[in-house]
Amino acid sequence: MLKMILDPMGGILLTNDGNAILREIDVAHPAAKNMIELSRTQDEECGDGTTSVIILAGEILAQSLSQLERDIHPVVIISAYTKALKEALEIVNRISVPIDVTDDAQMLSLIKTSIGTKFVVRWSDLMCSLALQAVRTVSSTDEAGFKSVDIKRYARVEKVPGGEIEDSKVLSGVMLNKDITHPNMRRRIRDPRVVLLDCPLEYKKGESQTNMEFSKEGDWARAQEIEEEQAKHANGETSYGINGETGQVVDMKDYGLYESASVKIQTFKTAIEASRMLLRVDDVVQAVRKDREGGGGQVVPEEMEG
């Protein structure tokens, strides 16, 4: 479902992307600002999982609250999260399957999974093919055989008013979105000679935890479906998930849905690291308060010393 957001400049933004929504939110609390930065970091690192990292980090902090209320030292909780992160990364590496980047069918299935929650899902086939073509256009291989894809430097999306989504295409070259400055200027030039200048010719302007509550019979059936999915995961059937349209537990391989392991790994790392940092901040504040009151703290585990 699309969200309509009014930005500080009075513009209207229609999106359901987690990063696009959070960057328009103005917050004052330092912890809330840190949580919003998680989404931006996730987007810069791998381009997906911006909503997942916020949800995961929030749930991790929610689970920490009950432990803090039991007077468990934040350092102990941080140590446990560090072990959990290591175990989670090992599980992801164990259950992930390799993808042949030269196979269009596998690559398109992976891309469709990423944009399935975005607004452009209406033009899924077109956008997936454009994304794949753009990445292959800007990819390069160095002398050592290492392949790199610098999308932010060599690829960009240029919006031209007056057209339809179906008119979108990937241009293998350079596009300059400039209008004519005089009516006598030609609109189309074949085989032009291009001059490259290192100086501008234009005047530059300055510028929780969740509790389940059943209110109707359908809620109990839904809870059983979730339990069925968890049981399949426990049996090693890690590719099972819930169909968002029917609510049934199905094998995602049958639908050609693959989630990028790099996105999942980065989501775990970013969420747990942010939670550990916030817990360290609370630890410092608590230590200062105890020093003023003349109280002592708990013994720090040996594995966390040094």
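This write-up is about the structure you can find in this document. Values in this document were obtained by computation on a predicted structure and should not be read as measured data.

So, on to the overall build of the chain. Looking only at helices and strands, the chain features nine helices and six strands. Within the chain, the proportion of its 306 residues that are buried is 23%. Element-wise, carbon and sulfur atoms account for 53% of the exposed surface of the chain, whose accessible area totals about 23,400 Å².

Considering all chains together, one arrives at six salt bridges under this definition. The closest approach of N and O atoms between arginine 40 and glutamate 37, which form a salt bridge, is 2.5 Å. Taken together, the residues arginine 40 and glutamate 37, both in helix 2 (residues 30-46) and three residues apart, mark about one turn of the helix. Residue arginine 40 is classed as partly exposed on the basis of its relative accessible area, which comes to 36%. Using a relative accessible area of 36% as the deciding quantity, one classes glutamate 37 as partly exposed. A salt bridge links glutamate 44 to arginine 40, with the nearest nitrogen and oxygen atoms 2.8 Å apart. Separated by four residues within a single helix, glutamate 44 and arginine 40 lie in helix 2, roughly one turn from each other.

We now examine the pairing of strand 1 (residues 3-6). Looking at chain direction, strand 1 and strand 2 (residues 12-15) are connected through four bridges and run antiparallel. Residue pairing in the sheet places isoleucine 5 in a bridge with leucine 13 of strand 2. Linking two consecutive strands that pair antiparallel, namely strand 1 and strand 2, is a turn of five residues; a positive phi of about 90 degrees is found at glycine 10 within it.

Given a rise of 1.5 Å per residue, 18 residues ought to cover 26 Å, and the 26 Å separating the end C-alpha atoms of helix 8 (residues 217-234) matches this to within 8%. When we look at burial in helix 8, the residues that qualify are Asp219, Ala223, Glu225, Glu229 and Lys232. Buried residues in helix 8 make contact with strand 5 (240-242) and strand 6 (249-251). Positive backbone phi, at 95 degrees, marks glycine 236, one or two positions downstream of helix 8.

This brings us to a nonpolar patch on the surface. A surface patch of nonpolar side chains, amounting to about 480 Å² of accessible area, comprises Met4, Leu6, Ile12 and Leu14. Elements with a contribution of two residues or more to the nonpolar patch: strand 1 and strand 2. Checked against the element boundaries, methionine 4 lands in strand 1.

What follows covers unusual backbone geometry. With phi around 65 degrees, aspartate 71 is a residue other than glycine that occupies positive phi space. Topologically, aspartate 71 is positioned in the loop between helix 3 (50-69) and helix 4 (74-95). Judged by relative accessible area, aspartate 71 falls into the exposed class, the value being 58%. With a phi close to 50 degrees, aspartate 191 is a non-glycine residue in the positive phi region. If you trace the backbone, aspartate 191 turns up in the loop between helix 7 (151-154) and helix 8. Residue classification places aspartate 191 among the exposed positions, given a relative accessible area of 76%.

Ranked by internal contacts, the top residues of the largest apolar core, which has 19 residues, are Leu38, Tyr81 and Phe268. Judged by nonpolar contacts, the second largest core, of seven residues, contains Met107, Ile111, Ile115 and Leu132.

With that out of the way, let us pick up the side chain of arginine 276. Its location among the elements puts arginine 276 in helix 9 (residues 261-293). Classification of arginine 276 as buried rests on a relative accessible area of 12%. Beyond its immediate chain neighbours, meaning those up to four positions away, arginine 276 contacts Ile78, Tyr81 and Thr82.

A separate point is the packing of helix 2 against helix 3. Their axes nearest at 8 Å, the elements helix 2 and helix 3 cross at an angle of 140 degrees. Classified by the interaxial angle, the pair formed by helix 2 and helix 3 is oblique. Taken as a pair, helix 2 and helix 3 cross one another with a handedness that is right-handed. Here Met35, Leu38, Ser39, Gln42 and Asp43 of helix 2 come into contact with helix 3, specifically with Thr50, Val53, Ile54, Ala57, Gly58 and Leu61. Taken together, the residues of the contact of helix 2 with helix 3 sort by class into six nonpolar, four polar and one charged.

Conventions and cut-offs
- Residues numbered from 1 in each chain as written.
- Predicted model: local features only at pLDDT ≥ 70, side-chain atom pairs only at ≥ 80, totals over all residues.
- Heavy atoms only, no water.
- Helix = DSSP H or I, 4+ residues; strand = E, 2+ residues; numbered from the N terminus.
- Buried < 20%, exposed > 50% of the residue type's maximum accessible area, 1.4 Å probe, protein only.
- Areas by Shrake-Rupley, 256 points an atom, 1.4 Å probe, with all protein chains shown as cover.
- Salt bridge = Lys/Arg side-chain N within 4 Å of Asp/Glu carboxyl O.
- Pairing = 2+ DSSP bridges.
- Expected span 1.5 Å × (residues − 1).
- Contact = heavy atoms within 4.5 Å.
- Patch = residues over 30% accessible without salt bridge, like charges linked within 9 Å, V, L, I, M, F, W, Y side chains within 5 Å.
- Core = buried A, V, L, I, M, F, W, Y, C linked by side-chain atoms within 4.5 Å.
- Axes fitted to C-alpha atoms, helices over the stretch in contact; angles between N-to-C directions.
- Parallel < 35°, antiparallel > 145°, perpendicular 65-115°, else oblique.
- Left-handed = near helix turned anticlockwise from the far one by under 90°.
- Nonpolar A, V, L, I, M, F, W, Y, C, P; charged D, E, K, R; others polar.

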